[in-house]
Amino acid sequence: MGAELDFREIESVLRQIVGKNVGFEALVNEAMSGGNLFSPGKWIEILKNVISEQLQIHGQTIGYLMILIISAAMLSTIAKAFRNRQISDMGFYMIFLLLFLIMMKSFGVCYEVTESVIRDLIDFMKVLMPTYLMAAAVSAYRTSAVIYYEGFLVLVYYLQRIVSSLILPAIRCYVLFSMLGHLGKEEIFLKGREGLKKLILWSLKAMIGVSAGMQMIQGMISPAIDEMKQTVFSKGVSSLGNIGNVAQNVTDVILGSGALLKNGIGAVAAVVIVSVCLVPVVEVACYALFYQVLAAVTEPISDKRLTGVITQAGEGIGLLVKVLFTVCAMFLLTIAIVCVTTGGMR
(Lines give C-alpha, C1' and ligand atoms only; values in the text may rest on other atoms or scores of the structure.)
Protein backbone atom coordinates (compact mmCIF):
# COMPACT_ATOMS: atom_id res chain seq x y z
CA MET A 1 0.00 0.00 0.00
CA GLY A 2 2.93 2.35 0.66
CA ALA A 3 3.79 2.14 -3.03
CA GLU A 4 0.58 4.05 -3.82
CA LEU A 5 1.89 7.10 -1.94
CA ASP A 6 4.47 9.39 -3.49
CA PHE A 7 7.41 10.10 -1.16
CA ARG A 8 9.61 11.78 -3.77
CA GLU A 9 8.70 15.32 -2.77
CA ILE A 10 9.40 14.54 0.90
CA GLU A 11 12.78 13.04 0.00
CA SER A 12 13.58 16.06 -2.19
CA VAL A 13 12.94 18.49 0.68
CA LEU A 14 14.95 16.33 3.08
CA ARG A 15 17.81 16.32 0.57
CA GLN A 16 17.81 20.13 0.65
CA ILE A 17 17.68 20.22 4.46
CA VAL A 18 20.19 17.49 5.28
CA GLY A 19 22.43 17.84 2.24
CA LYS A 20 22.30 14.16 1.29
CA ASN A 21 19.80 11.57 0.10
CA VAL A 22 17.42 10.34 2.80
CA GLY A 23 15.37 7.24 1.94
CA PHE A 24 12.14 8.28 3.65
CA GLU A 25 10.15 5.47 2.00
CA ALA A 26 12.77 2.89 3.05
CA LEU A 27 12.56 4.18 6.63
CA VAL A 28 8.76 3.88 6.58
CA ASN A 29 9.02 0.29 5.34
CA GLU A 30 11.53 -0.45 8.09
CA ALA A 31 9.21 1.04 10.71
CA MET A 32 6.26 -1.00 9.38
CA SER A 33 8.33 -4.19 9.62
CA GLY A 34 9.20 -3.50 13.26
CA GLY A 35 12.68 -2.03 12.72
CA ASN A 36 14.41 0.14 15.32
CA LEU A 37 14.37 3.75 14.15
CA PHE A 38 15.60 5.19 17.43
CA SER A 39 19.22 4.42 18.25
CA PRO A 40 20.17 6.16 21.52
CA GLY A 41 23.83 5.23 21.14
CA LYS A 42 24.06 6.91 17.74
CA TRP A 43 22.35 10.08 18.93
CA ILE A 44 24.57 10.27 22.04
CA GLU A 45 27.60 9.99 19.77
CA ILE A 46 26.25 12.83 17.62
CA LEU A 47 25.74 14.99 20.74
CA LYS A 48 29.30 14.30 21.91
CA ASN A 49 30.70 15.30 18.52
CA VAL A 50 28.61 18.50 18.41
CA ILE A 51 29.59 19.55 21.95
CA SER A 52 33.27 18.81 21.25
CA GLU A 53 33.09 20.85 18.05
CA GLN A 54 31.40 23.75 19.86
CA LEU A 55 34.10 23.73 22.55
CA GLN A 56 36.74 24.11 19.86
CA ILE A 57 34.79 26.84 18.06
CA HIS A 58 34.05 28.86 21.20
CA GLY A 59 37.47 28.41 22.79
CA GLN A 60 39.03 31.26 20.83
CA THR A 61 36.04 33.57 21.31
CA ILE A 62 35.96 32.94 25.05
CA GLY A 63 39.71 33.64 25.16
CA TYR A 64 39.18 37.01 23.48
CA LEU A 65 36.38 37.84 25.90
CA MET A 66 38.54 36.92 28.89
CA ILE A 67 41.31 39.21 27.60
CA LEU A 68 38.81 42.08 27.19
CA ILE A 69 37.38 41.60 30.68
CA ILE A 70 40.80 41.32 32.35
CA SER A 71 41.99 44.38 30.39
CA ALA A 72 39.00 46.36 31.62
CA ALA A 73 39.71 45.35 35.22
CA MET A 74 43.40 46.30 34.93
CA LEU A 75 42.57 49.61 33.25
CA SER A 76 40.11 50.46 36.00
CA THR A 77 42.67 49.68 38.70
CA ILE A 78 45.38 51.76 37.04
CA ALA A 79 43.01 54.69 36.51
CA LYS A 80 42.02 54.65 40.18
CA ALA A 81 45.68 54.80 41.18
CA PHE A 82 46.16 57.95 39.13
CA ARG A 83 42.72 59.33 39.99
CA ASN A 84 41.96 59.94 36.33
CA ARG A 85 38.37 58.97 35.56
CA GLN A 86 38.50 60.15 31.93
CA ILE A 87 41.08 57.52 30.96
CA SER A 88 39.10 54.84 32.80
CA ASP A 89 35.79 55.81 31.17
CA MET A 90 37.31 56.06 27.70
CA GLY A 91 38.94 52.64 28.05
CA PHE A 92 35.75 51.13 29.43
CA TYR A 93 33.62 52.37 26.54
CA MET A 94 36.10 51.06 23.99
CA ILE A 95 36.10 47.63 25.63
CA PHE A 96 32.31 47.77 26.00
CA LEU A 97 31.97 48.48 22.27
CA LEU A 98 34.22 45.54 21.33
CA LEU A 99 32.34 43.25 23.71
CA PHE A 100 29.01 44.48 22.36
CA LEU A 101 30.06 43.73 18.77
CA ILE A 102 31.26 40.22 19.66
CA MET A 103 28.04 39.43 21.55
CA MET A 104 25.82 40.75 18.77
CA LYS A 105 27.75 38.74 16.19
CA SER A 106 27.30 35.57 18.26
CA PHE A 107 23.61 36.32 18.72
CA GLY A 108 23.28 36.95 14.98
CA VAL A 109 24.72 33.51 14.23
CA CYS A 110 22.23 31.85 16.60
CA TYR A 111 19.39 33.96 15.20
CA GLU A 112 20.14 32.81 11.65
CA VAL A 113 20.36 29.16 12.78
CA THR A 114 16.97 29.46 14.49
CA GLU A 115 15.34 31.02 11.44
CA SER A 116 16.84 28.35 9.18
CA VAL A 117 15.63 25.45 11.35
CA ILE A 118 12.10 26.84 11.59
CA ARG A 119 11.99 27.35 7.84
CA ASP A 120 13.27 23.81 7.23
CA LEU A 121 10.70 22.29 9.60
CA ILE A 122 7.84 24.19 7.96
CA ASP A 123 9.00 23.09 4.48
CA PHE A 124 9.20 19.46 5.66
CA MET A 125 5.76 19.52 7.29
CA LYS A 126 4.19 21.10 4.22
CA VAL A 127 5.20 18.13 2.06
CA LEU A 128 4.69 15.54 4.83
CA MET A 129 1.13 16.31 5.94
CA PRO A 130 -0.66 15.62 2.61
CA THR A 131 0.98 12.16 2.45
CA TYR A 132 0.45 11.49 6.16
CA LEU A 133 -3.20 12.47 6.08
CA MET A 134 -3.71 10.52 2.84
CA ALA A 135 -2.64 7.44 4.80
CA ALA A 136 -5.12 8.41 7.52
CA ALA A 137 -7.86 8.66 4.88
CA VAL A 138 -6.97 5.16 3.62
CA SER A 139 -7.50 3.85 7.15
CA ALA A 140 -11.15 5.07 6.99
CA TYR A 141 -10.59 8.50 8.54
CA ARG A 142 -11.39 10.71 5.55
CA THR A 143 -13.30 13.39 7.48
CA SER A 144 -10.51 13.60 10.07
CA ALA A 145 -7.88 13.89 7.34
CA VAL A 146 -9.62 16.88 5.75
CA ILE A 147 -10.21 18.66 9.06
CA TYR A 148 -6.68 18.02 10.34
CA TYR A 149 -5.19 19.34 7.11
CA GLU A 150 -7.21 22.53 7.44
CA GLY A 151 -5.99 22.84 11.04
CA PHE A 152 -2.42 22.27 9.93
CA LEU A 153 -2.65 25.08 7.36
CA VAL A 154 -3.84 27.42 10.13
CA LEU A 155 -0.96 26.24 12.34
CA VAL A 156 1.65 26.92 9.65
CA TYR A 157 0.13 30.31 8.87
CA TYR A 158 0.31 31.64 12.41
CA LEU A 159 3.71 30.01 12.95
CA GLN A 160 5.10 32.00 10.04
CA ARG A 161 3.32 35.16 11.14
CA ILE A 162 3.85 35.05 14.91
CA VAL A 163 7.25 33.39 15.21
CA SER A 164 9.02 34.83 12.19
CA SER A 165 7.42 38.27 12.21
CA LEU A 166 6.87 38.94 15.93
CA ILE A 167 8.64 36.64 18.40
CA LEU A 168 12.08 36.47 16.76
CA PRO A 169 12.28 40.26 16.15
CA ALA A 170 11.08 40.78 19.74
CA ILE A 171 13.95 38.60 21.02
CA ARG A 172 16.40 40.64 18.94
CA CYS A 173 15.05 43.87 20.45
CA TYR A 174 15.24 42.33 23.94
CA VAL A 175 18.92 41.45 23.50
CA LEU A 176 19.78 44.85 22.00
CA PHE A 177 18.08 46.89 24.73
CA SER A 178 19.35 44.55 27.47
CA MET A 179 22.98 45.04 26.44
CA LEU A 180 22.63 48.77 25.86
CA GLY A 181 20.96 49.02 29.26
CA HIS A 182 24.33 48.25 30.90
CA LEU A 183 26.12 51.12 29.17
CA GLY A 184 25.63 53.61 32.01
CA LYS A 185 26.32 53.45 35.72
CA GLU A 186 22.69 52.53 36.36
CA GLU A 187 20.70 50.03 34.36
CA ILE A 188 18.19 51.47 31.91
CA PHE A 189 15.29 49.85 30.01
CA LEU A 190 14.98 47.42 32.96
CA LYS A 191 11.19 47.32 33.27
CA GLY A 192 10.69 47.43 29.52
CA ARG A 193 12.95 44.48 28.78
CA GLU A 194 11.53 42.44 31.68
CA GLY A 195 8.04 43.02 30.32
CA LEU A 196 9.17 42.11 26.81
CA LYS A 197 10.75 38.87 28.05
CA LYS A 198 7.56 37.88 29.89
CA LEU A 199 5.53 38.62 26.77
CA ILE A 200 7.82 36.40 24.67
CA LEU A 201 7.61 33.51 27.15
CA TRP A 202 3.82 33.83 27.47
CA SER A 203 3.51 33.83 23.69
CA LEU A 204 5.50 30.59 23.39
CA LYS A 205 3.36 28.91 26.05
CA ALA A 206 0.18 30.19 24.40
CA MET A 207 1.29 28.77 21.05
CA ILE A 208 1.69 25.29 22.54
CA GLY A 209 -1.65 25.54 24.36
CA VAL A 210 -3.61 26.84 21.38
CA SER A 211 -2.06 24.33 18.98
CA ALA A 212 -2.67 21.31 21.23
CA GLY A 213 -6.14 22.49 22.26
CA MET A 214 -7.30 23.16 18.71
CA GLN A 215 -6.21 19.76 17.49
CA MET A 216 -7.57 17.90 20.52
CA ILE A 217 -10.98 19.52 20.00
CA GLN A 218 -10.88 18.38 16.38
CA GLY A 219 -9.91 14.92 17.60
CA MET A 220 -13.04 14.68 19.75
CA ILE A 221 -15.46 15.09 16.86
CA SER A 222 -14.12 14.14 13.43
CA PRO A 223 -12.81 10.63 14.32
CA ALA A 224 -16.18 9.81 15.88
CA ILE A 225 -17.88 10.70 12.59
CA ASP A 226 -15.50 8.44 10.67
CA GLU A 227 -15.96 5.58 13.14
CA MET A 228 -19.74 5.89 12.86
CA LYS A 229 -19.52 5.67 9.07
CA GLN A 230 -17.21 2.67 9.34
CA THR A 231 -19.59 0.92 11.76
CA VAL A 232 -22.58 1.49 9.47
CA PHE A 233 -20.61 0.14 6.51
CA SER A 234 -19.45 -2.93 8.47
CA LYS A 235 -22.97 -3.76 9.65
CA GLY A 236 -24.33 -3.39 6.14
CA VAL A 237 -21.66 -5.65 4.63
CA SER A 238 -21.93 -8.30 7.35
CA SER A 239 -25.68 -8.62 6.69
CA LEU A 240 -24.93 -10.07 3.24
CA GLY A 241 -24.04 -13.50 4.63
CA ASN A 242 -20.90 -15.37 3.58
CA ILE A 243 -20.07 -12.92 0.81
CA GLY A 244 -20.42 -10.10 3.31
CA ASN A 245 -18.09 -11.85 5.76
CA VAL A 246 -15.41 -12.21 3.08
CA ALA A 247 -15.83 -8.56 2.08
CA GLN A 248 -15.66 -7.54 5.73
CA ASN A 249 -12.40 -9.48 6.26
CA VAL A 250 -10.84 -7.91 3.17
CA THR A 251 -11.93 -4.46 4.34
CA ASP A 252 -10.44 -5.04 7.80
CA VAL A 253 -7.12 -6.05 6.24
CA ILE A 254 -7.06 -2.93 4.03
CA LEU A 255 -7.96 -0.61 6.91
CA GLY A 256 -5.41 -2.27 9.19
CA SER A 257 -2.72 -1.86 6.55
CA GLY A 258 -3.66 1.79 6.17
CA ALA A 259 -3.38 2.34 9.93
CA LEU A 260 0.01 0.60 9.98
CA LEU A 261 1.22 2.75 7.08
CA LYS A 262 -0.02 5.93 8.78
CA ASN A 263 1.73 5.08 12.03
CA GLY A 264 4.92 4.17 10.15
CA ILE A 265 4.95 7.54 8.39
CA GLY A 266 4.25 9.31 11.69
CA ALA A 267 7.07 7.51 13.50
CA VAL A 268 9.61 8.28 10.77
CA ALA A 269 8.44 11.91 10.59
CA ALA A 270 8.88 12.30 14.37
CA VAL A 271 12.44 10.92 14.15
CA VAL A 272 13.21 13.27 11.23
CA ILE A 273 11.89 16.31 13.15
CA VAL A 274 13.99 15.46 16.21
CA SER A 275 17.03 14.82 13.99
CA VAL A 276 16.63 18.17 12.20
CA CYS A 277 16.31 20.03 15.52
CA LEU A 278 18.88 18.13 17.58
CA VAL A 279 22.17 19.54 16.29
CA PRO A 280 21.02 23.19 15.93
CA VAL A 281 19.43 23.17 19.39
CA VAL A 282 22.64 21.84 20.94
CA GLU A 283 24.74 24.39 19.04
CA VAL A 284 22.58 27.34 20.12
CA ALA A 285 22.34 25.99 23.69
CA CYS A 286 26.14 25.78 23.83
CA TYR A 287 26.36 29.51 23.04
CA ALA A 288 23.95 30.32 25.87
CA LEU A 289 25.67 27.97 28.34
CA PHE A 290 29.21 29.16 27.60
CA TYR A 291 28.28 32.82 28.00
CA GLN A 292 26.44 32.21 31.27
CA VAL A 293 29.44 30.29 32.63
CA LEU A 294 31.83 33.00 31.42
CA ALA A 295 29.76 35.70 33.15
CA ALA A 296 29.75 33.69 36.39
CA VAL A 297 33.51 33.05 36.29
CA THR A 298 34.51 36.65 35.51
CA GLU A 299 32.03 38.36 37.83
CA PRO A 300 34.48 38.69 40.80
CA ILE A 301 37.12 40.52 38.74
CA SER A 302 35.10 42.33 36.10
CA ASP A 303 32.97 45.43 35.92
CA LYS A 304 29.36 44.43 36.55
CA ARG A 305 28.33 46.20 33.35
CA LEU A 306 30.52 43.94 31.22
CA THR A 307 29.31 40.76 32.91
CA GLY A 308 25.78 42.09 32.52
CA VAL A 309 26.27 42.33 28.74
CA ILE A 310 27.49 38.72 28.57
CA THR A 311 24.65 37.52 30.80
CA GLN A 312 21.98 39.27 28.75
CA ALA A 313 23.40 37.88 25.50
CA GLY A 314 23.25 34.39 27.02
CA GLU A 315 19.65 34.93 28.13
CA GLY A 316 18.66 36.15 24.67
CA ILE A 317 20.24 33.09 23.03
CA GLY A 318 18.44 30.97 25.62
CA LEU A 319 15.14 32.43 24.36
CA LEU A 320 16.06 31.27 20.86
CA VAL A 321 16.54 27.75 22.25
CA LYS A 322 13.04 27.92 23.76
CA VAL A 323 11.63 29.01 20.39
CA LEU A 324 13.23 25.98 18.71
CA PHE A 325 11.87 23.66 21.40
CA THR A 326 8.39 25.17 21.03
CA VAL A 327 8.24 24.82 17.24
CA CYS A 328 9.60 21.27 17.39
CA ALA A 329 7.10 20.34 20.12
CA MET A 330 4.18 21.79 18.14
CA PHE A 331 4.95 19.66 15.09
CA LEU A 332 5.54 16.54 17.18
CA LEU A 333 2.21 17.15 18.94
CA THR A 334 0.50 17.50 15.56
CA ILE A 335 1.80 14.11 14.42
CA ALA A 336 1.06 12.41 17.76
CA ILE A 337 -2.50 13.74 18.03
CA VAL A 338 -3.36 12.69 14.48
CA CYS A 339 -1.87 9.25 15.16
CA VAL A 340 -3.81 8.75 18.40
CA THR A 341 -7.17 10.20 17.41
CA THR A 342 -7.38 8.38 14.07
CA GLY A 343 -7.22 4.99 15.74
CA GLY A 344 -3.62 4.14 15.03
CA MET A 345 -2.65 3.63 18.66
CA ARG A 346 -5.81 2.16 20.16
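These lines cover the structure that appears in this document, whether it is placed above or below. (Residues numbered from 1 in each chain as written. Predicted model: local features only at pLDDT ≥ 70, side-chain atom pairs only at ≥ 80, totals over all residues. Heavy atoms only, no water.)

## Quick word on the packing of aromatic side chains
Phase 1: A full pass over the atoms with the stated rule returns two aromatic pairs.
Phase 2: The interplanar angle of 50 degrees and the centroid separation of 5.9 Å between the aromatic rings of Phe107 and Tyr111 together place this pair among those described as tilted. In this pair, Phe107 and Tyr111 are both assigned in helix 4 (residues 85-138), four residues apart and thus about one turn of the helix distant. The two residues Phe107 and Tyr111 agree in class, both being buried.
Phase 3: A cation over a ring is seen here: Arg172 above Tyr111, with NZ or CZ 4.0 Å from the ring centre. (Phe/Tyr/Trp six-rings, centres within 6.5 Å; stacked < 30°, edge-to-face > 60°. Helix = DSSP H or I, 4+ residues; strand = E, 2+ residues; numbered from the N terminus. Buried < 20%, exposed > 50% of the residue type's maximum accessible area, 1.4 Å probe, protein only. Lys NZ or Arg CZ within 6 Å of the ring centre and 35° of its normal.)

## Things to note about the nonpolar core
Phase 1: With 78 residues, the main nonpolar core has Phe24, Phe124 and Leu128 as its most contacted residues.
Phase 2: Residue assignment for this core shows that the elements contributing at least two residues are helix 1 (8-18), helix 2 (24-32), helix 3 (40-82), helix 4, helix 5 (142-180), helix 6 (190-238), helix 7 (242-298) and helix 8 (304-341).
Phase 3: Among the elements that line this core, the one with the most residues is helix 4, at 21 residues.
Phase 4: Apart from the residues lying within four places of it in its own chain, the contact partners of Leu128 are Ile10, Phe24, Ile265, Ala269 and Ile335. (Core = buried A, V, L, I, M, F, W, Y, C linked by side-chain atoms within 4.5 Å. Contact = heavy atoms within 4.5 Å.)

## Section: the environment of Ala295
Phase 1: You can see Ala295 is positioned in helix 7.
Phase 2: Spatially, the C-alpha atoms of Ala295 and Val309 are 8.7 Å apart, while their sequence positions differ by 14 residues.
Phase 3: In contact with Ala295, other than residues within four places in its own chain, are Thr307, Ile310 and Thr311.

## Describing the side chain of Thr326
Phase 1: Along the chain, Thr326 turns up in helix 8.
Phase 2: A distance of 2.8 Å separates the side chain of Thr326 from the backbone oxygen of Lys322, its partner in a polar contact.
Phase 3: The residues contacting Thr326, other than those within four sequence positions of it, are Leu204, Met207 and Ile208. (Polar contact = N/O pair within 3.5 Å; in protein donor to acceptor, adjacent residues only side chain to side chain.)

## As for the environment of Ser211
Phase 1: For Ser211, the location among the structural elements is in helix 6.
Phase 2: Taking the C-alpha atoms as reference points, Ser211 and Phe331, 120 residues apart in sequence, are found 9.3 Å from one another.
Phase 3: Each residue touching Ser211, except ones within four places of it in the same chain, is listed here: Leu155, Tyr158 and Met330.

## Topic: the pattern of salt bridges
Phase 1: Across all of its chains, the model carries one salt bridge by this definition.
Phase 2: Lys197 serves as the salt-bridge partner of Glu315, at 3.5 Å between the closest nitrogen and oxygen. Within this pair, whereas Glu315 is found in helix 8, its partner Lys197 is found in helix 6, the two being separated by 118 residues in sequence. (Salt bridge = Lys/Arg side-chain N within 4 Å of Asp/Glu carboxyl O.)

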